[in-house]
Amino acid sequence: MNIAKLARPEIQTLHAYEAAEQVEDTVRLNANESPIVSAVDHFRRPLNRYPEIRPQKLQRALAARFGCVPKKLLVTRGSSEAIDLLVRTFCRAGRDSVLTTSPSFSMYRHYAEVQGARFVEVATLAEQDFAIDVDAVIGACEKTTRLIFICSPNNPTGTTLPRDQLEKLLQQRGDRSAVVVDEAYVEFGDVPSVIELLDKYPNLLVLRTLSKALGFAGARCGAVVGPEAVIRMLSAVQAPYALATPVVECVEDALQDEQLTLAEGAVARIIEERNRLMREISAFDFVKKIWPSDANFFLIEVDDADKVLSRCKEHRVLLRHFGGNLEDCIRITVGSADDNNQLLRALGTLKGQKP
Ligand SMILES: Cc1ncc(COP(=O)(O)O)c(C=O)c1O
């Protein structure tokens with residue numbers, strides 16, 4: 001099985017950009033760089049030189065963290081860039097399609113639209129905590145379905161797709177679609193990453209990010225993990241020198257053991273806070289439902305979403321509203337204990353507590 005054959009024909013034969021050679025201890029007169037080192041020098045490496053075309057040390061560090069071999073991983077500018085690269089690589093404009101479940105992360109639609117790919121959504125089962133209906137996903141696939149995005153845990157519902165259901169989808173689609181599991185929030189749940197299934201399913205790709213559990217959203221760093229032939233094509237499509245030198249340095253530092261231990265502690269605190277917030281919010285009488293969540297956010301349904309949102313805003317707290325089939329639902333990101341207390345105070349001004 002080789003899903004690289006599903007890629008656009010012109011991408012299958014695309015040659016990667018040939019960057020100027022970079023060799024240690026040489027005089028670099030081959031890349032039109034400046035010899036002048038800026039006076040702003042709080043970086044380990046001077047910025048007058050281009051970064052590595054692909055940051056190899058960082059690729060090795062992320063592969064070690066996520067549990068795969070480096071050649072199966074491409075470092076990207078957040079997982080958002082990985083979504084864009086996948087859609088551009090696999091979908092011919094006007095012909096191929098992207099399928100995902102609904103509600104889910106809006107970037108899948110966004111990049112499908114940018115590429116001119118068809119976009120198909122399959123509703124999740126609202127009455128079953130927004131579980132993904134894998135049979136419905138399989139039934140909605142067409143000959144042109146190149147990519148299936150499964151967000152797990154899902155944004156904005158917090159739902160994880162059970163492993164056996166994912167395997168069913170992977171088996172059913174075989175080499176007809178690439179199944180992309182977006183694990184942006186996987187660290188906040190209690191199931192392991194599906195990266196461990198990569199060797200078993202050559203049609204599986206996994207997205208990871210440093211923006212959530214590692215707290216590095218500002219650095220714009222993520223990764224796509226999958227079959228080597230696909231990673232090579234994605235790399236050929238990605239801009240040369242995509243990761244800036246200061247970003248590479250900062251993320252290399254973030255991946256040191258000491259930093260990772262701190263990040264693990266932060267994740268544990270966020271999970272505790274999530275549970276506390278859910279408990280306390282459930283006491284308000286205007287809250288009709290709180291969905292369980294494996295992420296650093298959770299979804300609630302209230303009597304009147306606009307009223308809750310505007311009252312919170314008056315108290316300098318911003319929440320997220322989506323509308324559509326989530327009309328009176330609000331997504332709450334779990335903040336620090338102080339942030340969460342500020343939210344609870346704002347909500348406390350709305351109405352009474354349940355008896
Ligand atoms: C499900 C999901 N995937 C991907 C992303 C993109 O994250 P980033 O580009 O910061 O890695 C987000 C951000 O909110 C997300 O919710």
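Residues numbered from 1 in each chain as written. Predicted model: local features only at pLDDT ≥ 70, side-chain atom pairs only at ≥ 80, totals over all residues. Heavy atoms only, no water.

Participant: Got a minute to help me understand the overall build of the chain in this structure?
Facilitator: Looking only at helices and strands, the chain has 11 helices and 11 strands in total. Expected size for 355 residues packed as a compact globule is a radius of gyration near 20 Å; at 22 Å, the chain falls within 12% of this value. Dimensions of the chain along its principal axes, counting C-alpha atoms only, are 75 × 55 × 30 Å. Counting over 355 residues, the chain shows a buried share of 50%. (Helix = DSSP H or I, 4+ residues; strand = E, 2+ residues; numbered from the N terminus. Rg over C-alpha atoms; globule rule 2.2 N^0.38 Å. Buried < 20%, exposed > 50% of the residue type's maximum accessible area, 1.4 Å probe, protein only.)

Participant: Whenever I open this one, the site of the ligand confuses me. Can you help?
Facilitator: Around the ligand, a shell composed of 13 residues is seen, among which Ser79, Ser80, Asp182, Thr209 and Ser211 lie nearest. In the environment of the ligand, an oxygen atom lies 2.8 Å from a nitrogen or oxygen atom belonging to the side chain of asparagine 155. Between the ligand and threonine 209 there is a distance of 2.5 Å, counted from an oxygen atom to a side-chain nitrogen or oxygen. Contact with the protein chains hides 91% of the accessible area of the ligand, taken as 400 Å² for the molecule alone. Of the residues contributing to the shell around the ligand, the split by class is 4 nonpolar, 6 polar and 3 charged. (Near = heavy atom within 4 Å. Polar contact = N/O pair within 3.5 Å; in protein donor to acceptor, adjacent residues only side chain to side chain. Areas by Shrake-Rupley, 256 points an atom, 1.4 Å probe, with all protein chains shown as cover. Nonpolar A, V, L, I, M, F, W, Y, C, P; charged D, E, K, R; others polar.)

Participant: Whenever I open this one, helix α11 (residues 337-348) confuses me. Can you help?
Facilitator: Side chains of residues three or four places apart in an α-helix project in the same direction, reflecting 3.6 residues per turn. The end-to-end C-alpha separation of α11 is 16 Å, in line with the 16 Å expected for 12 residues at 1.5 Å each. Of all the positions in α11, only Asn340, Leu343, Leu344, Ala346 and Leu347 are classed as buried. Buried positions in α11, seen along its axis, are confined to an arc of 160° and lie on one side of it. Those residues of α11 that are exposed and angled more than 90 degrees off the buried face are Asp338 and Arg345. (Expected span 1.5 Å × (residues − 1). Arc of directions from axis to C-beta.)

These results come straight from atomic positions and should not be treated as a statement about function.
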